[in-house]
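Per-entry structural report
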Amino acid sequence: MNASTSLSDELMSQLQGAPLQQLAQQLGTDTAQTQQAVGAALPLLLGAMGNNSAQPQGAQALFGALQDHGSGNGLESILGSLLGGGNPGAQSDGGAILGHIFGAGQQRAETGLGEATGLGGGNAANLLKMLAPIVMAFLAQRVQSGGMTADSLGSTLGQERDAAREQGGLGGGLLGSLLDQNGDGQVGLEDLIKIGGSLLGGRR
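The structure displayed is predicted, hence computed values, not measured ones. (Residues numbered from 1 in each chain as written. Predicted model: local features only at pLDDT ≥ 70, side-chain atom pairs only at ≥ 80, totals over all residues. Heavy atoms only, no water.)

Points about the overall build of the chain
- Helix and strand content of the chain: eleven helices and zero strands.
- Across the chain, helices and strands are ordered from the amino to the carboxyl terminus as α-α-α-α-α-α-α-α-α-α-α.
- Going through the 204 residues of the chain one by one, you find that 49% of them count as buried.
- For the chain, long-range pairs separated by at least 24 residues make up 76% of all intrachain contacts whose partners lie at least 6 apart in sequence. (Helix = DSSP H or I, 4+ residues; strand = E, 2+ residues; numbered from the N terminus. Buried < 20%, exposed > 50% of the residue type's maximum accessible area, 1.4 Å probe, protein only. Contact = heavy atoms within 4.5 Å.)

Written out as structure tokens, the structure reads:
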């Protein structure tokens, strides 16, 4: 699976322009910082879902949730309601989705993203809550348009997880630290802050 076809890249391209600007407005950050944070958050979310899908019943449970999810709102309507402020319930939905994706690691994911991107934990938590239903709607579209099964969904997300970890960068580093720390709470924030600082500086 090459980098140009990753789900993270594909979804990121759909968020360019107005959606990213609206995310930045909601967070009170500039578009460049928001783009960097979204670029780290998408592989983190999709990779964690890939990890869950590798567990017994994980892919089947996600597939069922996506089929339910997909019957209502497409990506455009989710973006419109979430970013236009017309659906305050969407962020609470996002919080519930994050609980399923990260489980006990949710706080670590939020803290790590906030520290590494300079957003801070509160803004990082809000960003993940906004992105979670967007990611679900995006995957629901893929499942329906691509005729995916639970097995092929699990396989695709597993490839996404592996690709994110191989590519490294901020999202891959966050994902790796989350998956490597099985609940002991030690995320290795120093390394992530260094990665974030080097990315913000534009050179590694």
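What follows continues from the structure just given.
Structural notes on the packing of helix α2 (residues 18–27) against helix α8 (residues 121–146)
- One can describe the packing of α2 onto α8 by two numbers: an axis separation of 10 Å at closest approach and a directional angle of 140 degrees. Classed by the angle they form, the pair α2 and α8 counts as oblique. Remark: the crossing between α2 and α8 carries right-handed chirality. Taken together, the residues of α8 that come into contact with α2 (itself represented by L23, Q26 and L27) are N123, N126, L127, M130 and L131.
- A class-by-class count of the residues in the contact of α2 with α8 yields five nonpolar, three polar and no charged. (Axes fitted to C-alpha atoms, helices over the stretch in contact; angles between N-to-C directions. Parallel < 35°, antiparallel > 145°, perpendicular 65-115°, else oblique. Left-handed = near helix turned anticlockwise from the far one by under 90°. Nonpolar A, V, L, I, M, F, W, Y, C, P; charged D, E, K, R; others polar.)

Some details on helix α7 (residues 106–117)
- With twelve residues, α7 extends 17 Å from end C-alpha to end C-alpha; this agrees with the ideal 16 Å at 1.5 Å per step.
- Residues of α7 that are buried: Q106, R108, A109, E110, G112, L113, G114, A116 and T117.
- Trailing α7 by a residue or two, G118 shows a phi angle of about 80 degrees, which is positive. (Expected span 1.5 Å × (residues − 1).)

Here we look at the layout of surface pockets
- Empty space within the largest pocket amounts to approximately 260 Å³.
- Lining the largest pocket are 18 residues, with S8, D9, G39, P43 and Q167 positioned closest to its centre.
- Mapped by element, the contributors of at least two residues to the lining of the largest pocket are α1 (7–15), α3 (31–53), α9 (150–167) and α10 (169–180).
- Across the lining of the largest pocket, the residue classes break down as eight nonpolar, eight polar and two charged. (1 Å grid on protein atoms, 1.4 Å probe; cavity = no way out; pocket = protein on both sides within 12 Å on 5 of 7 lines; lining within 4 Å. Points joined across faces, edges and corners; volume = space filled by probe spheres on them.)

Concerning α3
- Compared with the 33 Å implied by 1.5 Å per residue over 23 residues, the 32 Å span of α3 between its first and last C-alpha is a close match.
- Burial runs high along α3: 17 of the 23 residues are buried.
- Capping of α3 at its N-terminal end is provided by D30; its side-chain oxygen lies 3.1 Å from the backbone amide nitrogen of A32. (Polar contact = N/O pair within 3.5 Å; in protein donor to acceptor, adjacent residues only side chain to side chain.)

A short note on the confidence of the model for the chain
- Mean pLDDT over the chain works out to 82, with 79% of the residues at or above the 70 mark.
- In the model of the chain, helix α11 (residues 189–200) stands out as the element of lowest mean pLDDT, 45, in contrast to α3, which has the highest, 95.
- Of the regions scoring below 50 in pLDDT, residues 183–204 engages in 31 contacts with residues more than four places distant in sequence or in other chains. (pLDDT = per-residue confidence, 0-100.)

Remarks on the nonpolar core
- Judged by nonpolar contacts, the single largest core of 55 residues is most densely connected at V38, M49, F102, L127, L131 and L139.
- Ranked by residues supplied to this core, first place goes to α8 with 14 residues.
- Contact partners of L139, with chain neighbours within four places excluded, come to L7, L46, M49, L66 and L157. (Core = buried A, V, L, I, M, F, W, Y, C linked by side-chain atoms within 4.5 Å.)

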